[in-house]
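Letter by letter, the chains look like this.
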Amino acid sequence: MAVVVFRPPSIAPIPKATRVMAAPGSSATALSSVSGSRQNRKLPILLFDVMDTLVRDPFYEDIPVFFQMSMKELLEEKHPTAWVEFEKGLIDEKELARKFFKDGRSFDLEGLKECMIRGYSYLDGIEALLKNLKLKSYELHAFTNYPIWYMMIEEKLKLSKYLSWTFCSCKLGKRKPALDSYMEVIDLLGVEPASCIFVDDRLANIEAAKDAGMIGLHFRNAETLKEDLTSLGIELLLMERVNGPVGLSGSSANQAYCLERLDGVVG
């Protein structure tokens, strides 16, 4: 049986990013917990956006309903930069609640968080694919624009069974598609950019990854992602051998594979 070996495409070298001193709880601190010696790492490293790539984003459907607004009304009335500041870790959730709307109106913050938690779910076929990659010993990291509320996703879906929440914007202080966010990820991982495969549902983020020298894959669904990964030489087990998510068996495992992705989510 022929074995396909991953060979990164030839790309022009890019300048090495400047290392940033990390604060406690930052991405550099998180990387210290990555198992195994860097000298013995299995390449490539896989980096995943989270919202609408791995996990359903409730913002576009559930949140307008929560506020009893249309999406158009919500976008017009919310503060133009508050959420971005929250994602970058510049403000906490209390400050977010204070300035979420341009007119400063109050709202039920805990109710909003509960609404979002209810809306989080794995996209169809994603958990099985993540487990497959994990079983093949690939190094997987989240590289996502999201605030400290990523912990709510973790609490519900236990995404850390499969990957590390290493590169969240609230830890980096930077958001995609800013080039310096990709450069910092490359620097902190300590690998060549062409040894990183980045998966995201937003084309702007994929183009920025390619500009940084990474291999970028545009996410459409789990099946096409599996095909794209296989075409790059990523080793996957036959699905018959993947008997359900880590820690699950029997009916629970079967249920995990039958998650439905809600239609119409804007990515």
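Report on the accompanying structure. Because the structure is a prediction, the values reported are computed rather than measured. (Residues numbered from 1 in each chain as written. Predicted model: local features only at pLDDT ≥ 70, side-chain atom pairs only at ≥ 80, totals over all residues. Heavy atoms only, no water.)

### Notes on the overall build of the protein
Then, number 1: The secondary structure content of the protein amounts to 13 helices and 5 strands.
Then, number 2: Burial status across the protein gives 49% buried among its 267 residues.
Then, number 3: In the protein, the proportion of contacts linking residues at least 24 apart, taken out of those at least 6 apart, comes to 70%.
Then, number 4: As displayed, the protein offers around 13,500 Å² of accessible surface, 54% of which is attributable to carbon and sulfur atoms. (Helix = DSSP H or I, 4+ residues; strand = E, 2+ residues; numbered from the N terminus. Buried < 20%, exposed > 50% of the residue type's maximum accessible area, 1.4 Å probe, protein only. Contact = heavy atoms within 4.5 Å. Areas by Shrake-Rupley, 256 points an atom, 1.4 Å probe, with all protein chains shown as cover.)

### Regarding the side chain of Lys 113
Then, number 1: Take Lys 113: it is sitting in helix α6 (residues 109-119).
Then, number 2: In this structure Lys 113 touches Glu 93, Trp 149 and Met 152, once residues within four positions along its chain are discounted.

### As for helix α11 (residues 203-211)
Then, number 1: Turning to α11, its buried residues are Asn 205, Ile 206, Ala 208 and Ala 209. Down the axis of α11, the buried set is contained in an arc of 160°. They therefore lie on one face.
Then, number 2: Considering only its buried residues, α11 is in contact with α10 (179-189), β4 (196-200) and β5 (215-218).
Then, number 3: Gly 213, located one to two residues past α11, shows a positive phi value of around 100°. (Arc of directions from axis to C-beta.)

### Some remarks on the pairing of β4
Then, number 1: Here β4 lies mainly inside the structure; 5 of its 5 residues are buried.
Then, number 2: Remark: the β4/α11/β5 crossover connection has right-handed handedness. (Right-handed = clockwise from strand over helix to strand, strands pointing away.)

### Here's the deal with the environment of Ser 160
Then, number 1: You can see Ser 160 is positioned in the loop between α8 (150-157) and β3 (164-168).
Then, number 2: The exposure class of Ser 160 is partly exposed, given its relative accessible area of 40%.
Then, number 3: Separated by 20 residues in the primary sequence, Ser 160 and Leu 140 have C-alpha atoms spaced 9.6 Å apart.
Then, number 4: Not counting the four nearest positions on each side in its chain, Ser 160 is found in contact with Glu 154 and Trp 165.

### Here's the deal with the state of the cysteines
Then, number 1: Scanning the model with the defined rule gives 0 disulfides in all.
Then, number 2: Here Cys 170 is not cross-linked by a disulfide; its sulfur's nearest cysteine counterpart is in Cys 168, at 5.0 Å. (Disulfide = S-S within 2.5 Å.)

### Observations concerning the sheet that holds β3
Then, number 1: Strand order across the open sheet formed by 5 strands is β3-β2-β1-β4-β5, with parallel pairing between neighbours. The open sheet has two free edges, formed respectively by β3 and β5, since each of these has just one partner strand. Neighbour-to-neighbour, the strand axes of the sheet open up by a mean angle of 25°, direction not taken into account.
Then, number 2: Both β4 and β5 contribute to a ladder of 4 bridges, which runs parallel. Directly across from Ile 197, in β5, lies its bridge partner Ile 215.
Then, number 3: Lying on the sheet, α10 is in contact with β1 (45-48), β2 (140-144), β3 and β4; it crosses β2 at an angle near 160°. (Pairing = 2+ DSSP bridges. Axes fitted to C-alpha atoms, helices over the stretch in contact; angles between N-to-C directions.)

### What about the side chain of Asp 62?
Then, number 1: In this structure, Asp 62 sits in helix α2 (residues 62-67).
Then, number 2: A polar contact is formed between the side chain of Asp 62 and the side chain of Arg 56, at a distance of 2.9 Å.
Then, number 3: Ignoring any residue separated from it by four or fewer positions in sequence, one finds Asp 62 in contact with Arg 56, Cys 115 and Gly 119. (Polar contact = N/O pair within 3.5 Å; in protein donor to acceptor, adjacent residues only side chain to side chain.)

### A word on the pattern of salt bridges
Then, number 1: A complete count under the given rule lists 19 salt bridges for this structure.
Then, number 2: With a closest N to O distance of 3.0 Å, Lys 42 and Glu 235 form a salt bridge. With Lys 42 in the loop between α1 (27-31) and β1 and Glu 235 in the loop between α12 (222-231) and α13 (250-256), this pair connects stretches of sequence that are 193 residues apart.
Then, number 3: Overall, the relative accessible area of 26% leaves Lys 42 in the partly exposed class.
Then, number 4: Between Glu 93 and Lys 113 there is a salt bridge, with its nearest N and O atoms 3.2 Å apart. (Salt bridge = Lys/Arg side-chain N within 4 Å of Asp/Glu carboxyl O.)

### A look at the environment of Phe 143
Then, number 1: Within the secondary structure layout, Phe 143 lies in strand β2.
Then, number 2: By relative accessible area, Phe 143 is classed as buried at 2%.
Then, number 3: In this structure the C-alpha to C-alpha distance between Phe 143 and Arg 175, which are 32 residues apart in sequence, comes to 9.5 Å.
Then, number 4: Not counting chain neighbours up to four residues away, the residues in contact with Phe 143 comprise Leu 47, Phe 48, Asp 49, Phe 167, Leu 172, Lys 176, Ser 181, Tyr 182, Val 185 and Phe 198.

### Focus: the packing of helix α7 (residues 126-135) against α12
Then, number 1: Contact geometry of α7 with α12 gives a least axis separation of 9 Å together with a crossing angle of 25°. Between α7 and α12, the angle falls in the class roughly parallel. Remark: the crossing between α7 and α12 carries right-handed chirality. Two secondary-structure elements touch here, α7 through Ile 126, Leu 129 and Leu 133 and α12 through Ala 222, Leu 225, Lys 226 and Leu 229.
Then, number 2: In terms of residue class, the contact of α7 with α12 is made up of 6 nonpolar, no polar and 1 charged. (Parallel < 35°, antiparallel > 145°, perpendicular 65-115°, else oblique. Left-handed = near helix turned anticlockwise from the far one by under 90°. Nonpolar A, V, L, I, M, F, W, Y, C, P; charged D, E, K, R; others polar.)

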